[in-house]
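Descriptive analysis of the structure
Residues per chain are reported as follows:
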Amino acid sequence: MASKHVGHAIGIDLGTKYSCVAVWDDKNGGAKIIHNEQGNRTTPSCVAFTDSHRLVGDAAKNQAPFNPKNTIFDAKRLIGRKLSDSIIQADLNLWPFKVVAGVNDKPMISVEYKGEEKLLAAEEISSMILTKMKEIAEAFLESPVKNAVITVPAYFNDSQRKATQDAGAIAGLNIMKIINEPTAAALAYGLQKRGNCSEERNVFVFDLGGGTFDVSLVTIKDDVYEVKATAGDTHLGGEDFDNRMIDFFVKDFNKKNKVDISENPRSLRRLRTACERAKMNLSFVKETTIEVDSLFQGIDFCSLMTRSKFEELNKDLFVKCMDTVEKCLADAKVDKNSVHDVVLVGGSSRIPKLQNLVQEFFLGKDLCKSINPDEAVAYGAAVQAALLAENLSIAPDLVLLDVTPLSLGISIKGDIMCVLIPRNSMIPTKHEKLFGTFEDNQSAAKIAVYEGERTRASDNNLLGLFCLSDLNPSPRRHPIKVCFDLDENGVLKVYAEESKTGKKKEITIVNEKGRLTAQEIKRMIQEAEMYKDDDDKFKEKVEAKIALEEYVYKMSAFMEDAKVSSKIKSSQKKNIEAAIGEGRELLDGNQQKVETADFENCLHKLRSIFDPIIV
């Protein structure tokens, strides 16, 4: 990575349900959250495909009830995973879209686009969302953007992090760094509370978003941010709370009406939207009504959801959150009494019951709600991007010390996981250890590198394999030194060395298994350009149609004005009325068969008839 990046550097919070983009503002000395074209500061992480075009963000989410099978959400829950993963198998029953197995059991999302089936990797869907965030930033900055810092859940494994990097590459972004979400939030909190951090403070970040949950303990003193420990669940968040409500109401509807809507995607999508809204309402009121007109077979649905019922439905998930909080503090070896600030991040952290549980756990300590939970992560990412771009107006002495979320080690005899770098080790870090050969006169040593916390190595995530060959014939337990070198970007280099001869073999873990190849990324980049061309053409067509609609309306209003109309010759009236009819026929006809040029030509013809009269 080059030490100096040219041009604007942005921070992107790539969320499960919503994404957010920010940039460092030199003028005001802080990060600025950038709003999208609808004026919203967050954008739905949603992509939809129709017979004619692709939609991303608000437009995709708004049409979801009418096109559920081709509206993709939750791509972040698929990224870097296998289809056979039990977590993914459970999710398949909740998604209206189809997911099938690709090469190496890679989950591929099946959509119908322009009348044809198309298989898309989760990286491609994520890249479309990242492209949208890039475009939002470019529109605001009025200049191209290439450099970005992207956030990921702290508990994302190596595969998920690298898949996120691939998504950035497909979106045409230079990924300066992947940063953990709670770490980014701690940066945001620390900078906004800068004057209060001259003495060392332990800040606990509770980050519960739409699909993932992370907690981190960060020590802040002056401009040094040191992550002591992190814990989390990459499959726990607002979506799971929604799913509990949906399941409850599907059973309720079945009980009351003797019909099952669980296999109807459109009904489930409309119910999901209503449940999402109810969940948000219950953060402010104690009960709310869920109403969906003609939910299924013309039957209206209306039911009450109370805050206490919502809490009962999700009780075990809330307990799971608190277990993770305890685990993080235990790993950090910090007592809850020593925590100075508790910062809430992520939309789901607004849930009153969770806030009460967190506050009780920390012995009644006031929770910090001064930073926007939806925007803090993007804010911190923008700070990190400015630092990497060497923007000295931010904080030239700011130092960020992060940790690795999962243990790293090798498999030894008996399929045992031998850890070289324990989880929550500060990065960059370097650890080495002596091992012995298993057999007499062993000619080669196979080194299998894993990440995870299971005792059995094969139960963990295999990162890579390599072999140290041509060993000197020696009795068993011949010493071999293995070294793990993990840099600040989480890139792991492993080497093994025969101690006596100095014979050495090295590998940089790239985890190609299940990851996109360079050729696949290149193809997806080319397809992304095609999507952009299609999107631009669709936009041109919409603009041409709107221009024609406005002109036809203008002509019609002019002709309906009796005073003006009386001054026009009857022959001219016939021409104008015929032209208006032609325009309306084009606007009301089959839009699939109408090209942009047809709208433009019709508008040109109308103007040639009408403009000379009104001049």
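Residues numbered from 1 in each chain as written. Predicted model: local features only at pLDDT ≥ 70, side-chain atom pairs only at ≥ 80, totals over all residues. Heavy atoms only, no water.

A look at helix 12 (residues 376-388)
- Along its 13 residues, helix 12 runs 19 Å from first to last C-alpha, staying within 8% of the 18 Å computed at 1.5 Å per residue.
- Of the residues one or two after helix 12, E390 is the one with positive phi, at around 60°. (Helix = DSSP H or I, 4+ residues; strand = E, 2+ residues; numbered from the N terminus. Expected span 1.5 Å × (residues − 1).)

Describing unusual backbone geometry
- Looking along the chain, the bond that leaves I427 and enters P428 is cis, with omega of 0°.
- Assignment of secondary structure puts P428 in the loop between strand 22 (426-427) and strand 23 (429-436).

A look at empty space enclosed by the protein
- Taken as a whole, this structure holds 4 cavities of 30 Å³ or more when the rule is applied.
- Of the voids in this model, the largest cavity is the one considered here, and its volume is about 100 Å³.
- Around the largest cavity sit T16, K17, P44, S45, C46, K61, F73, E239, R269, R272 and E276, which together line it.
- Here the lining of the largest cavity takes 3 residues from helix 8 (residues 265-281), the largest share from any one element.
- Per-class residue counts for the lining of the largest cavity are 3 nonpolar, 2 polar and 6 charged. (1 Å grid on protein atoms, 1.4 Å probe; cavity = no way out; pocket = protein on both sides within 12 Å on 5 of 7 lines; lining within 4 Å. Points joined across faces, edges and corners; volume = space filled by probe spheres on them. Nonpolar A, V, L, I, M, F, W, Y, C, P; charged D, E, K, R; others polar.)

Let's talk about the pattern of salt bridges
- Scanning all chains against the criterion turns up 30 salt bridges.
- One salt bridge connects R454 with D459, and the closest N-O pair in it is separated by 3.2 Å.
- D459 gets classed as partly exposed once you look at its relative accessible area, which sits at 33%.
- Sharing partners across several salt bridges, the network here consists of K17, K61, E239, D242, R269, R272, E276 and K279. (Salt bridge = Lys/Arg side-chain N within 4 Å of Asp/Glu carboxyl O. Buried < 20%, exposed > 50% of the residue type's maximum accessible area, 1.4 Å probe, protein only.)

Considering the environment of T273
- Take T273: it is sitting in helix 8.
- Separated by 136 residues in the primary sequence, T273 and A137 place their C-alpha atoms 28 Å from one another.

Some remarks on the packing of aromatic side chains
- Per the counting criterion, the structure on display carries 12 aromatic pairs.
- When the ring of F241 is compared with that of F310, the centres are 6.4 Å apart and the planes differ by 75°; the resulting orientation is edge-to-face. Of this pair, F241 sits in helix 7 (residues 238-257) while F310 sits in helix 9 (residues 307-313), and the two are 69 residues apart along the sequence.
- Given a relative accessible area of 2%, F310 falls into the buried group.
- Three or more aromatic residues joined by ring pairs make a cluster, and in this case those are F248, F249, F253 and F301.
- Of note, K504 hangs over the ring of Y495, and the distance from its end group to the ring centre comes to 4.0 Å. (Phe/Tyr/Trp six-rings, centres within 6.5 Å; stacked < 30°, edge-to-face > 60°. Lys NZ or Arg CZ within 6 Å of the ring centre and 35° of its normal.)

Here we look at helix 6 (residues 181-192)
- Spanning 12 residues, helix 6 covers 17 Å between terminal C-alpha atoms, matching the ideal 16 Å at 1.5 Å per step.
- Burial of helix 6 is extensive: 11 of the 12 residues sit out of reach of the surface.
- Within helix 6, the full set of buried residues consists of E181, P182, T183, A184, A185, A186, L187, A188, Y189, G190 and L191.

Some thoughts on the packing of helix 10 (residues 315-332) against helix 11 (residues 352-361)
- Axis separation between helix 10 and helix 11 bottoms out at 10 Å; the angle between their running directions is 30°. Crossing handedness for the pair helix 10 and helix 11: right-handed. Each of F318, C321, M322, V325, E326 and L329 in helix 10 lies in contact with helix 11, whose residues at this interface are K353, L354, L357, V358 and F361.
- For the contact of helix 10 with helix 11, the residue count by class is 9 nonpolar, no polar and 2 charged. (Axes fitted to C-alpha atoms, helices over the stretch in contact; angles between N-to-C directions. Left-handed = near helix turned anticlockwise from the far one by under 90°. Contact = heavy atoms within 4.5 Å.)

Description of the layout of surface pockets
- Quantified by volume, the second largest pocket comes out at close to 750 Å³.
- Those elements that place two or more of their residues in the lining of the second largest pocket are strand 6 (54-56), helix 1 (58-62), helix 4 (122-141) and helix 13 (518-560).
- Element by element, the count of residues in the lining of the second largest pocket is highest for helix 4, at 7 residues.
- Along the lines of polarity and charge, the residues of the lining of the second largest pocket split into 10 nonpolar, 5 polar and 9 charged.

Notes on the pairing of strand 11 (residues 147-152)
- The buried fraction of strand 11 is high, at 6 of 6 residues.
- Residues N147, V149 and T151 of strand 11 are buried on one face, and the alternating residues A148, I150 and V152, pointing to the opposite face, are buried as well.
- By the bridge criterion, 5 bridges tie strand 1 (residues 9-13) to strand 11 in an arrangement that is parallel. In the strand pairing of strand 11, I10 is matched with A148.
- Two strands pair when backbone bridges link them, and strand 11 and strand 12 (residues 174-180) are joined in this way by 6 bridges, in the parallel orientation. Bridged to I150 within strand 12 is I178.
- Viewed along the sheet, the connection from strand 11 through helix 5 (residues 158-170) into strand 12 turns out right-handed. (Pairing = 2+ DSSP bridges. Right-handed = clockwise from strand over helix to strand, strands pointing away.)

Remarks on the pairing of strand 16 (residues 287-296)
- Inspection of the sheet shows strand 16 paired to strand 17 (residues 299-306) by 7 bridges, in the antiparallel sense. Note on strand 17: the bridge partner recorded for F296 is I299.
- Between strand 16 and strand 17, which pair antiparallel and follow one another directly, the connecting turn spans 2 residues, one of which, Q297, has a positive phi of 50°.

Brief notes about the environment of K430
- Tracing the backbone shows K430 in strand 23.
- Spatially, the C-alpha atom of K430 lies 9.0 Å from that of L420, the residues being 10 residues apart in sequence.

Notes on the packing of helix 4 against helix 5
- Two numbers describe how helix 4 lies on helix 5: the axes approach to 8 Å, and their chain directions differ by 55°. Considering their axes alone, helix 4 and helix 5 lie oblique with respect to each other. Considering the relative orientation of helix 4 and helix 5, their crossing is right-handed. For the pair helix 4 and helix 5, the contacting residues are E123, S126, S127 and L130 in the first and A163, D166, A167, G168 and I170 in the second.
- A breakdown of the residues in the contact of helix 4 with helix 5 according to their chemical character gives 4 nonpolar, 3 polar and 2 charged. (Parallel < 35°, antiparallel > 145°, perpendicular 65-115°, else oblique.)

Topic: the nonpolar core
- With 49 residues, the main nonpolar core has F204, F206, L271 and F362 as its most contacted residues.
- Of all the elements, helix 10 adds the most residues to this core, at 8 residues.
- Those residues within four positions of F204 in sequence are excluded, and the remaining contacts are V215, S216, L217, V325, C328, L329, V339, D341, V342, V343 and F362.
- In this structure, V21, A75, A122 and Y531 belong to the second largest nonpolar core, which totals 44 residues. (Core = buried A, V, L, I, M, F, W, Y, C linked by side-chain atoms within 4.5 Å.)

By themselves, these are just geometric observations and shouldn't be taken as functional.
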